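Structure assessment
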Amino acid sequence: MTTAVYHPLFLRAQRLVEGMAGMLAILSGILLIIAILLTTVSIVGRLMTSLGLSAIPGDYELVQIFCGLAVFSFMPYCQLRRGHVSVDLFISPFGAKAKVWTQLLGDMVVTGLFCLLAWRHFDGTVDKFDYQETTFILQIPVWWAFAGAMVLFCPIVVTGLFTLWRDIVDIIRGDQADTEEEDYS
């Protein structure tokens, strides 16, 4: 790791992106815990029908919505921490410089995919709104979940753009260290 100082703008952006990604990861965990509790209560209710308990109506629909939003909420943290699949086995023999460049290439591809998915998801959200489709049991408008995911695409794209900036800064600075363990502070 080099001892050169990072630009204050970069450090400020890093703190903002890390804070946002951390808060969304916590939201993701909360959504998954809610989904687990809903499922547990519903299963217990099904098993205890003789005691007057019952399943939660629409539990499948709610769990589906919460789990979907949890995935979108966790994506910025995953991207920021380089949690996506990478194959270092083939890059390692070429050295640290090759690794930094392949990380840049990978982040370019992933960020491009995030932008493409956000654009297509926006069209899908508008479509769901236009058709006013609802869930079967609870009659929740489907576009609500799509709109929630669309809002979560914004931090995903922002994080993707930040990781590109981080890769470019690492290349310019000549950092050849293992960048996934670097502190940037």
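Residues numbered from 1 in each chain as written. Predicted model: local features only at pLDDT ≥ 70, side-chain atom pairs only at ≥ 80, totals over all residues. Heavy atoms only, no water.

1. Observations concerning the overall build of the chain
Secondary structure summary: the chain contains five helices and zero strands in total. For the chain, the succession of helices and strands along the chain, N to C, is α-α-α-α-α. For 185 residues, the compact-globule estimate of 2.2 N^0.38 gives 16 Å, and the chain exceeds it by more than 25% at 21 Å. Along the first, second and third principal axes, the C-alpha atoms of the chain reach 65 × 40 × 35 Å. Counting every position in the chain, which comprises 185 residues, the buried fraction comes to 34%. Sequence-distant contacts in the chain: of pairs separated by 6 or more residues, those separated by 24 or more amount to 79%. Computed over 11 positive and 17 negative side-chain charges, the separation of the two mean positions in the chain equals 4 Å. (Helix = DSSP H or I, 4+ residues; strand = E, 2+ residues; numbered from the N terminus. Rg over C-alpha atoms; globule rule 2.2 N^0.38 Å. Buried < 20%, exposed > 50% of the residue type's maximum accessible area, 1.4 Å probe, protein only. Contact = heavy atoms within 4.5 Å. Lys, Arg positive; Asp, Glu negative; His and termini not counted. Charge placed at Lys NZ, Arg CZ, Asp CG, Glu CD.)

2. What about a nonpolar patch on the surface?
Together, I43, V44, L47, M48, L51 and L53 make up a nonpolar patch on the protein surface, roughly 580 Å² of accessible area in all. Along the chain, V44 turns up in helix α1 (residues 8–47). (Patch = residues over 30% accessible without salt bridge, like charges linked within 9 Å, V, L, I, M, F, W, Y side chains within 5 Å. Areas by Shrake-Rupley, 256 points an atom, 1.4 Å probe, with all protein chains shown as cover. Salt bridge = Lys/Arg side-chain N within 4 Å of Asp/Glu carboxyl O.)

3. Focus on helix α4 (residues 96–131)
Since the α-helix advances by 3.6 residues per turn, residues separated by three or four positions end up pointing in the same direction. The end-to-end C-alpha distance of α4 is 51 Å, a good match for the 52 Å that 36 residues give at a rise of 1.5 Å each. Every buried residue of α4 is listed here: K99, V100, Q103, L104, D107, T111, F114, A118, H121 and T125. After α4 finishes, the residue Q132 shows a positive phi value of roughly 55°. (Expected span 1.5 Å × (residues − 1).)

4. Focus: the pattern of salt bridges
Pairs may arise between side chains of opposite charge once their charged atoms sit close together. Under the counting rule described, the total for this entry stands at six salt bridges. With its nearest N and O atoms 2.6 Å apart, the salt bridge here joins R120 to D123. Here the residue R120 and the residue D123 both occupy positions in helix α4, the gap between them amounting to three residues, near one helical turn. Residue D123 is classed as partly exposed on the basis of its relative accessible area of 31%. Put simply, K128 and E133 hold a salt bridge, and the shortest N to O gap is 3.0 Å.

5. Looking at the packing of α4 against helix α5 (residues 142–173)
As a packed pair, α4 and α5 sit with axes 9 Å apart at the nearest point and diverge in direction by 160°. Here α4 lies roughly antiparallel to α5, going by the angle between them. Note that α4 runs across α5; the crossing there is left-handed. Its residues assigned to classes, the contact of α4 with α5 comprises 23 nonpolar, seven polar and four charged. (Axes fitted to C-alpha atoms, helices over the stretch in contact; angles between N-to-C directions. Parallel < 35°, antiparallel > 145°, perpendicular 65-115°, else oblique. Left-handed = near helix turned anticlockwise from the far one by under 90°. Nonpolar A, V, L, I, M, F, W, Y, C, P; charged D, E, K, R; others polar.)

6. Brief notes about unusual backbone geometry
A negative phi angle characterises most non-glycine residues, just as the trans form characterises most peptide bonds. The backbone of R82 sits at a positive phi, close to 55°, despite the residue not being glycine. Considering the arrangement of structural elements, one finds R82 in the loop between α2 (59–80) and α3 (88–91). Here Q132, not a glycine, exhibits a phi torsion of approximately 55°, which is positive. Along the polypeptide, Q132 turns up in the loop between α4 and α5. What makes Q132 partly exposed here is its relative accessible area of 44%.

7. Things to note about the nonpolar core
Judged by nonpolar contacts, L24, L31, A35, L38, V63, F66, L69, A70, A149 and L152 together constitute the single largest core of 10 residues. Of all the elements in the fold, those that place two or more residues in this core are α1, α2 and α5. Not counting residues up to four positions away in its chain, the partners in contact with L69 are L31, A145, G148, A149 and L152. With eight residues, the next largest nonpolar core counts Y6, F10, A13 and L80 among its residues. (Core = buried A, V, L, I, M, F, W, Y, C linked by side-chain atoms within 4.5 Å.)

8. With respect to the side chain of T163
Position of T163 relative to the elements: it lies in helix α5. A polar atom in the side chain of T163 sits 2.7 Å from the backbone oxygen of G160. Non-local contacts of T163, meaning those with residues more than four positions away in its chain, are made with Q79, L80, D107 and T111. (Polar contact = N/O pair within 3.5 Å; in protein donor to acceptor, adjacent residues only side chain to side chain.)

9. As for the environment of F129
For F129, the position within the fold is in helix α4. Along the backbone, F129 and V142 are 13 residues apart, and their C-alpha atoms lie at a distance of 7.8 Å.

10. As for the confidence of the model for the chain
Per-chain confidence: the chain averages 89 in pLDDT, with 90% of residues scoring 70 or above. Below a pLDDT of 50 lies the segment residues 177–181, which in the model reaches 11 contacts outside its immediate sequence neighbourhood of four places, other chains included. (pLDDT = per-residue confidence, 0-100.)

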